[in-house]
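# Topology and contacts: notes
Residue strings, one per chain:
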Amino acid sequence: MCDTSPTFAPEERHLRGEQRHPVSPQGMAAFLLHGVVTLLWLAAATGVPDPNRRDRLMLQEASRQTGGGLALTPAERRLDARLRRMKEREMDAEPFPSAVHFFKAKDLIRRSPIFKLLQDMPKGGALHVHSSSLASAEWLVKNATYRPDCYVCYTWDESVRFVFSLRRPYPRWDCFYWQLVSVLRAKAGDPNAFDVSLMKHLTLVTDDPDGEYPDQDAVWDKFERAFIAAAGLISHAPVLRDYLLQGLSELHQDNVMYLELRSGLARTYELDGTIHDKIWTLRTFREVTEKFVADHPDFLGARVIVAVHRALSASEVTAAVQEASALRKDFPDVVAGFDLVGREDSGRPLWYFRDALSLPARRNVDLPFFFHAGETDKEGTETDQNILDALLFNTSRIGHGYALARHPLAKEISRLGQVAVEVCPISNQVLKLVSDLRNHPAAALMSEGHPLVISSDDPSMFGSTGLSYDFYQAFVGIGGLRANVGTLKELALNSIRFSSLPPDLKDAAQVLWQKKWDSFVSAHSS
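All of these numbers come straight from a predicted model, not from anything done at the bench.

### What about the state of the cysteines?
Scanning all chains against the criterion turns up one disulfide. Shown here is the disulfide that connects C153 with C175, its sulfur atoms set 1.8 Å apart. Note that C153 is positioned in strand β2 (residues 150–154) and C175 in the loop between β3 (160–164) and β4 (179–180), a separation of 22 residues in sequence. Comparing C153 with C175 shows no difference in burial state: the two are buried. There is no disulfide at C150, and the cysteine sulfur nearest it, in C153, is 11 Å away.

### Let's talk about helix α13 (residues 278–295)
Here α13 contains 18 residues, and its C-alpha end-to-end distance of 26 Å stays within 8% of the 26 Å for a straight helix at 1.5 Å per residue. Of the residues making up α13, those classed as buried are W280, T281, L282, T284, F285, V288, T289 and F292. If you check the start of α13, you find a side-chain oxygen 3.2 Å away from the backbone N of I279, and it comes from D277.

### Remarks on the packing of aromatic side chains
For the coordinates displayed, the defined rule picks out 14 aromatic pairs. Where F102 meets Y469, the ring centres are 5.4 Å apart and the plane angle is 80°; that geometry is what we call edge-to-face. One end of the pair, F102, is in helix α5 (residues 102–110); the other, Y469, is in helix α21 (residues 468–478), and 367 residues separate them in sequence. Accessibility assignment for this pair places F102 and Y469 in one class, buried.

### Observations concerning helix α4 (residues 74–92)
Helical geometry: 3.6 residues make up each α-helical turn, so side chains three or four residues apart lie on a common side. Its 19 residues place the ends of α4 28 Å apart at the C-alpha level, agreeing with the 27 Å of an ideal helix rising 1.5 Å per residue. Listing the buried residues of α4 in full gives A75, E76, L79, L83, M86, K87 and E90. Along the long axis of α4, the arc covered by the buried residues comes to 105°, so they all point the same way. Turned more than 90 degrees away from the buried face of α4, the exposed residues are R89 and D92. Packed against the buried residues of α4 are α6 (113–120), α21, α22 (485–497) and α23 (503–524).

### As for the nonpolar core
Formed by 137 residues in total, the largest nonpolar core has its most connected members in F338 and L357. At eight residues, the largest contribution of residues to this core is made by helix α11 (residues 216–234). Setting aside anything within four residues of it in sequence, one finds L357 in contact with V321, F338, L340, L350, F369, F371 and F393.

### Some details on the pairing of strand β12 (residues 420–423)
Residues A420 and E422 of β12 are buried on one face, and the alternating residues V421 and V423, pointing to the opposite face, are buried as well. Inspection of the sheet shows strand β11 (residues 397–400) paired to β12 by three bridges, in the parallel sense. Across the sheet, the residue bridging to G399 is E422, located in β12. Traced from β11 through helix α17 (residues 408–416) to β12, the parallel crossover comes out right-handed. With three bridges joining them, β12 and strand β13 (residues 452–454) adopt parallel strand pairing. Across the sheet, residue V421 finds its bridge partner in β13, namely L452.

### What to know about the environment of R303
Here R303 lies in strand β8 (residues 301–309). Polar contacts involving the side chain of R303 include one to the main-chain carbonyl oxygen of S500, which spans 2.6 Å.

### Things to note about unusual backbone geometry
Following E94, the chain continues to P95 via a peptide bond in cis, the omega torsion being -5°. Mapped onto the fold, P95 is located in the loop between α4 and α5. Phi at E158 is positive, roughly 65°, even though this residue is not glycine. As for its position among the elements, E158 is in the loop between β2 and β3. A positive phi angle, near 80°, is found at H400, a position not held by glycine. Mapped onto the elements, H400 comes out in strand β11.

### Re the pairing of strand β9 (residues 335–341)
Burial runs high along β9: seven of the seven residues are buried. Two elements, β8 and β9, share six bridges in a ladder whose sense is parallel. Bridge pairing in β9 places V306 opposite F338. Each parallel crossover has a hand, and the one from β8 via helix α14 (residues 314–330) to β9 is right-handed.

### A look at the environment of P113
Among the structural elements, P113 can be located in helix α6. Spatially, the C-alpha atom of P113 lies 9.2 Å from that of K87, the residues being 26 residues apart in sequence. Every residue in contact with P113, bar those within four places of it in the chain, is listed here: M86 and E90.

### Focus: the sheet that holds β11
Strands in a sheet are paired, the pairing made by backbone hydrogen bonds, and the direction either parallel or antiparallel. An order of β10-β11-β12-β13 is seen for the four strands of this open sheet, with the pairing classed as parallel. Sheet topology places β10 (372–373) and β13 at the edges, where each strand pairs with a single neighbour.

### Points about the environment of E375
Position of E375 relative to the elements: it lies in the loop between β10 and α16 (386–392). Classification of E375 as buried rests on a relative accessible area of 8%. In this structure the C-alpha to C-alpha distance between E375 and F285, which are 90 residues apart in sequence, comes to 28 Å. E375 has contacts with W220, E344, D345, H400, Y402, S427, L431 and L433, leaving out every residue within four places of it along the chain. Reaching out from E375, the side chain makes a polar contact with the side chain of H400 at a distance of 3.5 Å.

### Observations regarding the pattern of salt bridges
Taken as a whole, this structure holds 28 salt bridges when the rule is applied. Put simply, R482 and E61 hold a salt bridge, and the shortest N to O gap is 2.7 Å. One end of the pair, R482, is in the loop between α21 and α22; the other, E61, is in helix α3 (residues 51–64), and 421 residues separate them in sequence. One salt-bridge network, held together by shared partners, links E260, R262, D339, R397 and E422.

Each value, and the rule that gives it
- Counting of residues starts from 1 at the beginning of each chain's written sequence and follows it residue by residue.
- Totals for whole chains, interfaces and linings use all residues, but because this is a predicted model, local features are given only for residues with pLDDT of at least 70 and pairs of side-chain atoms are given and counted only at 80 or more.
- Hydrogens and water are ignored here; the side-chain numbers use all heavy atoms of the structure.
- Note on terminology: pairs of cysteine sulfur atoms within 2.5 Å are recorded as disulfides.
- The way it works is that DSSP assigns letters per residue, a run of H or I at least four long becomes a helix, a run of E at least two long becomes a strand, and they are numbered from the N terminus.
- For the exposure calls, accessible area comes from a 1.4 Å probe over protein chains only, and a residue counts as buried if that area is under 20% of its type's maximum, exposed if over 50%, partly exposed in between.
- Helix span, as expected, comes to 1.5 Å for every residue beyond the first.
- Side-chain atoms alone can form a polar contact between residues adjacent in sequence; in general such a contact is a pair of N or O atoms within 3.5 Å, and within protein one must be able to donate a hydrogen while the other accepts it.
- Stacked, edge-to-face and tilted labels apply to pairs of Phe, Tyr and Trp rings (six-membered ring for Trp) whose centres lie within 6.5 Å, assigned for plane angles under 30 degrees, over 60, and everything in between, in that order.
- Working definition: the arc comes from the directions between the helix axis and the C-beta atoms, pointing outward to the latter.
- By definition, residues are in contact when any of their heavy atoms lie within 4.5 Å.
- In this description, a nonpolar core means a group of buried Ala, Val, Leu, Ile, Met, Phe, Trp, Tyr and Cys residues linked to one another through side-chain atoms lying within 4.5 Å.
- Being paired, for any two strands, means DSSP has found at least two bridges between them.
- When the strands point away from the viewer, a crossover counts as right-handed if the route from the first strand across the helix to the second turns clockwise.
- By salt bridge we mean one thing: a side-chain nitrogen of Lys or Arg within 4 Å of a carboxyl oxygen of Asp or Glu.

This is the structure in structure tokens:
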């Protein structure tokens with residue numbers, strides 16, 4: 001059968017300006033300068049090092065890292081010196097928080113003076129967060145499950161399902177016996193202990209992560225079951241409104257100014273049986289966001305990246321791309337673009353959906369892509385090729401990009417084309433891609449000044465909130481002593497620079513962020 005899939009030449013596309021992120025003159029100049037520096041070093045190497053030349057080379061190397069090219073103000077330099085002293089003490093401590101599992105390190109991090117400082121830092125935007133894990137599991141249990149008409153059932157695979165109903169729901173294949181949560185809580189005797197037992201079904205948090213999750217299959221199995229459990233609560237329309245508001249509030253409390261949310265826009269329901277479609281969900285999202293911004297003028301807003309599961313068929317993804325295109329046309333201020341979600345190793349690769357993903361370009365339709373790609377440690381597989389394929393389909397950012405360091409061509413295209421990688425340190429550790437975050441491949445990307453943003457992926461599943469925990473892991477664990485105030489500043493600015501906001505809003509956002517940053521530096525530099 002003749003293959004009618006499109007032919008791409010990534011090197012040509014990304015170097016002749018046919019991409020969404022054209023190579024900037026500054027980027028090309030830096031690329032050429034780095035090559036010149038290397039050639040000069042090779043020509044001048046004598047085997048007898050000149051101390052002055054060594055110092056110059058060290059400065060040149062430091063200038064390449066994330067934030068290395070920024071000129072720091074006197075106040076920023078004072079803060080940098082303070083942070084370095086704090087980090088030196090922290091890195092000498094045992095156990096080193098970034099070297100152990102987050103579930104065991106969380107209390108250590110909470111006591112860290114660096115973490116407390118990062119909580120105060122204006123962090124820009126959270127660009128990689130999933131809708132079913134936006135607000136904390138504690139809020140879901142303490143708020144949603146205390147509402148009337150909330151039913152729960154315990155399934156054969158030791159997970160739970162929730163639903164709101166005016167009468168006992170009918171049995172179905174995975175739930176034969178539904179019970180009112182209020183009745184079970186009253187019978188339990190200890191409401192708090194009962195609530196904790198429910199929370200365990202909505203998160204991955206455990207005291208023994210290595211024992212409970214011996215491999216990636218085990219942790220992903222629990223991960224997906226927790227999502228299904230949460231969906232029964234979040235898809236109830238009255239809960240959804242409050243859940244979105246709570247999620248924005250938790251981000252704002254952590255000094256996050258903006259959100260891009262991956263969402264499947266699942267149908268929501270009312271107690272009277274009314275089913276709402278995706279248009280209703282988008283309108284609700286916009287209404288909640290506008291209300292939150294009105295009450296918190298220093299919050300910039302939120303947008304949705306429409307997401308569908310990569311386990312779907314080619315025809316289903318084709319329909320989803322067409323639908324997302326229509327939704328973006330109707331809601332240009334809300335819908336940022338499109339993504340495929342779900343575990344990459346067990347789902348279909350991007351190339352499988354090449355006809356569907358080529359539709360926007362063929363039809364000249366504006367639908368930016370924000371693909372998950374490279375969330376794998378299985379080198380050489382079809383999944384591993386998602387990194388290059390994401391670039392072929394002109395992705396605006398790369399979700400996770402854990403495998404990018406193993407693809408030198410894709411890495412170069414990404415860097416020159418300014419396609420930022422959404423690094424989610426805690427997610428990568430909890431889902432067993434890396435155990436010691438000092439070994440995270442983003443360390444190499446950070447040392448090269450590759451465009452990066454820091455995000456949290458599924459904070460409620462991991463027992464975290466906001467971005468401060470992930471910034472700590474990126475700054476202390478991944479960045480090590482090399483990461484400095486310039487690193488933090490550039491990472492925060494990147495979250496605005498590489499967001500889907502239009503240029504005028506990006507400019508306004510950077511002005512607002514700079515005011516917050518200057519205030520933060522002033523407060524912590526003395």
